[in-house]
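# A look at the structure
This is what each chain is made of:
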Amino acid sequence: MAPLSKAGTALAALREDLAGEVFAPGDPGYDEARRVFNAMIDRRPAVIAQCDSVADVVTAVRFARDLDLPVAVRGGGHSVAGMALNDGGVVVDLRRMNEVTVHPAAKAVRLGGGATMGHLDRACLPYDLATPGGRVSTTGVGGFVLGGGDGWLSRAFGLASDNLLGVELVTADGTVVEATAEERPDLFWALHGGGGNFGVATALTLRLHDLPALSIAMMFCLPEYGPQVIATFREIVESGPAETGGAALYLTGPPEEFLPEHLVGQRLCGALLVYPGPEDRLRKLAEPLLAVPHEAEIVTAIPYAELQCMLDDPPGMRNYWSAEYLTGVPDAFVDAFCALGEAMPVPTGTQHLVWPQGGAIAEGAGDWPLGHRDAAWAVHPFGIWEEPAEDERIREWVRDVRAGVAPWSTGATYLNFIGDEGAERVMAGVGADNYRRLAEVKREYDPENVFRFNHNIRPL
Ligand SMILES: Cc1cc2nc3c(=O)[nH]c(=O)nc-3n(C[C@H](O)[C@H](O)[C@H](O)COP(=O)(O)OP(=O)(O)OC[C@H]3O[C@@H](n4cnc5c(N)ncnc54)[C@H](O)[C@@H]3O)c2cc1C
């Protein structure tokens, strides 16, 4: 840590040099600038550098290095562990760098490192082009893609990172580099799931796919039909077209128009099928699901950007999440999953999700750092609630889900969907061989582990 006088002079120079804005404790706007999606996170960085350009990012990284301060990188601020922030260090905040340029002829899109899914999806919509994205529009594309990126279209087009064509990166010494399949292929490989370990991604280029039609079938029913819903959803996904995505879940009835009022706030079970094709085909596919007695249904064609906003949760809630990849979802799993759904704390924003892998996700096996491509399904208990008094009850339920589904777990987890569960779980996210290879790349680009507010890969 630098002496105070040096730090004060350097901070004044940073305020002068940055085209963007700088916030330090006591500045108006500081508290707003350090707020992230998970309301449980209350960290106080020494400096938040809201960068406007690549040059700003270089300046902010060099500022932190000169003063020997830890660096956190903020994209959309959706990491449930609050990895976008640190205490007493520098936050490189990319939110102003959210420009999106679509190249329809090349079927590619280039976006700033702080763009959200909403920025990306809205820009692509007029061209009937899309790339697999996170399931809510406020998630940052940077953290999502670098961590793998599993979305409604992933069984059709792969993980988001499978569609990564190039990254512009500011490394730990403040150098700007490009990583593509041809240029720095090791770094490019590591950026497909290795997260923010290797530098600040100031721009990402992603492959786009034609998406002339998209339809959804969604139904909600009373929890006693849970086992029937989950089993029927499984049959449809496992026997239907490989590109069909979606999830089955337990949730608290949301205050939405499509739900009868008496079910708002009640425990419900439901399923969502997402099909990259016309509504009539999906309606046929969804027939067995819609034959289960239910309280509400929506079957419709829908623009992708609209589907992506459908689950948007308000910020300011408390969050505790986990995830497990599964070998399969046999009947015994269905019973265990439903029993855990019956124990889910209600009414809260908490959800208990099981969703299919396979399809185009499985095709990336062996190529990239995320080593779980053989998993058939995944389970994702995510606690979302308002009252601090509920903290322990909901955390305990999430841990119960992990323990309850252990007989079907592959042993791997999906890092984007977990909080800080320790070094072993980072290893479980990428696998031991990939971890070693990632650690070699880390040694080359960040030997001092400057970028460590992430699912951390320690330099070899
Ligand atoms: C409501 C919600 C819904 C979600 N839905 C999905 C989903 O459907 N599918 C899915 O796969 N994940 C999903 N996620 C998880 C999400 O993908 C991860 O939390 C992701 O890391 C968030 O990225 P961010 O930029 O918003 O977060 P941040 O908290 O800003 O960043 C998360 C991590 O990524 C790093 N990072 C972010 N941007 C950059 C960058 N440009 N360069 C270098 N490092 C960077 C940060 O340093 C940090 O370590 C969801 C999360 C939430 C809260």
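Cut-offs used in this document
- Per chain, residues are indexed from 1 in the order of the written sequence.
- For this predicted model, a pLDDT threshold of at least 70 governs which residues receive local features, and a threshold of 80 or more governs which side-chain atom pairs are given and counted, while totals over whole chains, interfaces and linings are taken from all residues.
- By convention in this description, side-chain values take in all heavy atoms of the structure and omit both hydrogens and water.
- A fitted line through C-alpha atoms represents every axis, and for helices the fit uses only the stretch in contact; the resulting angles, taken between N-to-C directions, go from 0 to 180 degrees.
- To qualify as a helix, a DSSP run of H or I must reach at least 4 residues; to qualify as a strand, a run of E must reach at least 2; elements of each kind are numbered from the N terminus.
- An angle below 35 degrees is treated as roughly parallel, one above 145 as roughly antiparallel, one from 65 to 115 as roughly perpendicular, and anything else as oblique.
- Here, two residues are considered to be in contact whenever any of their heavy atoms come within 4.5 Å of each other.
- Asp, Glu, Lys and Arg are counted as charged, while Ala, Val, Leu, Ile, Met, Phe, Trp, Tyr, Cys and Pro are counted as nonpolar; the rest, among them Gly, fall into the polar class.
- Throughout, exposure labels follow a simple rule: accessible area from a 1.4 Å probe, protein chains only, divided by the maximum for the residue type, with under 20% read as buried, over 50% as exposed, and the rest as partly exposed.
- At least two DSSP bridges between two strands are required for those strands to pair.
- For each residue, the test is whether any non-hydrogen atom lies within 4 Å of the molecule or strand; if one does, the residue is near.
- A 3.5 Å cut-off defines polar contacts: any pair of N or O atoms within that distance qualifies, except that in protein one atom must be a possible hydrogen donor and the other a possible acceptor, and neighbouring residues in sequence count only when both atoms are side-chain atoms.
- With residues, only the protein chains shown are counted as cover, and all accessible areas are computed by Shrake-Rupley using a 1.4 Å probe.
- The split of the chain into domains comes from an automatic or database domain assignment.
- The rule for a salt bridge is simple: a side-chain nitrogen of Lys or Arg has to be within 4 Å of a carboxyl oxygen of Asp or Glu.
- By definition here, a helix of n residues has an expected span of 1.5 Å times n minus one.
- Left-handed is the label given to a crossing in which the near helix is rotated counterclockwise from the far helix by less than a right angle, and right-handed is the label when the rotation is clockwise.

## Thoughts on the packing of helix 14 (residues 423-430) against helix 15 (residues 432-445)
Contact geometry for helix 14 and helix 15: axes closest at 7 Å, N-to-C directions at 105°. With respect to helix 15, the axis of helix 14 lies roughly perpendicular. Residues Val426, Met427 and Val430 of helix 14 form the contact with helix 15, whose participating residues are Ala432, Asn434, Tyr435 and Leu438. A class-by-class count of the residues in the contact of helix 14 with helix 15 yields 6 nonpolar, 1 polar and no charged.

## Quick look at the pairing of strand 10 (residues 200-207)
Burial of strand 10 is extensive: 7 of the 8 residues sit out of reach of the surface. Here 5 bridges tie strand 6 (residues 108-112) to strand 10, and the two strands are oriented antiparallel to one another. Its bridge partner lying in strand 10, Gly112 is registered against Ala203. As defined by bridge partners, strand 8 (residues 164-170) adjoins strand 10 across 6 bridges and the pair is classed as antiparallel. Considered in strand 10, the bridge of Val167 is made with Leu204.

## Let's talk about the site of the ligand
Taken together, 33 residues sit near the ligand, with Val73, Gly75, Gly77, Asp150 and Tyr414 positioned nearest. Within the backbone of Gly77, one N or O atom sits 2.8 Å away from an oxygen atom of the ligand. For the ligand, whose free accessible area comes to 940 Å², the fraction covered by protein is 96%. For the shell around the ligand, the secondary-structure elements that each account for two or more residues are strand 3 (71-74), helix 5 (141-146) and strand 10. At 4 residues, the largest contribution of residues to the shell around the ligand is made by helix 5. Here the shell around the ligand is built from residues that sort into 14 nonpolar, 16 polar and 3 charged.

## Regarding the environment of Ser79
Mapped onto the secondary structure, Ser79 falls in the loop between strand 3 and strand 4 (90-93). In this structure the side chain of Ser79 is engaged in a polar contact, spanning 3.0 Å, whose partner is the backbone nitrogen of Met83.

## Brief notes about the domain arrangement of the protein chain
Each assigned domain of the protein chain is listed here: domain 1 (4-93), domain 2 (100-210 + 430-445) and domain 3 (215-417). When each unit is reduced to the centre of its C-alpha atoms, the spacing between domain 1 and domain 2 is 23 Å. Each side of the interface is counted separately: domain 1 has 11 residues, and domain 2 has 15 residues. At the junction of domain 1 with domain 2, the criterion picks out 0 salt bridges. Per element, the largest residue contribution to the side of domain 1 that touches domain 2 is 6 residues, and it comes from helix 3 (residues 54-66). Taken together, the residues that form the side of domain 1 that touches domain 2 break down as 6 nonpolar, 3 polar and 2 charged.

## Section: the sheet that holds strand 9 (residues 176-179)
The 5 strands lie next to each other as 5-6-10-8-9, forming an open sheet whose pairing is antiparallel. The open sheet has two edge strands with one neighbour each: strand 5 (100-103) and strand 9. Shown here is a sheet whose adjacent strand axes are inclined to one another by a mean of 15°, direction ignored. Contacts between helix 4 (residues 117-124) and the sheet are confined to strand 5, strand 6 and strand 10, with strand 5 contributing the most and set at about 35° to the helix.

## Regarding helix 8 (residues 226-239)
Given 3.6 residues to a turn, an α-helix orients residues that are three or four positions apart in the same direction. In this model, helix 8 (14 residues) spans 20 Å end to end at C-alpha, consistent with the 20 Å of a helix rising 1.5 Å per residue. Among the residues making up helix 8, those that are buried are Gly226, Val229, Ile230, Ala231, Thr232, Phe233, Arg234, Ile236 and Val237.

## A closer look at the packing of helix 8 against helix 11 (residues 331-342)
Interaxial distance between helix 8 and helix 11 falls to 9 Å at its minimum, and their mutual angle equals 135°. When the axes of helix 8 and helix 11 are compared, the pair comes out oblique. Relative to helix 11, the crossing made by helix 8 is right-handed. Contact with helix 8, carried on its side by Gly226, Pro227, Ile230, Ala231 and Arg234, involves Asp331, Val334, Phe337 and Cys338 of helix 11 and no other residues of that element. Split by residue class, the contact of helix 8 with helix 11 holds 6 nonpolar, 1 polar and 2 charged.

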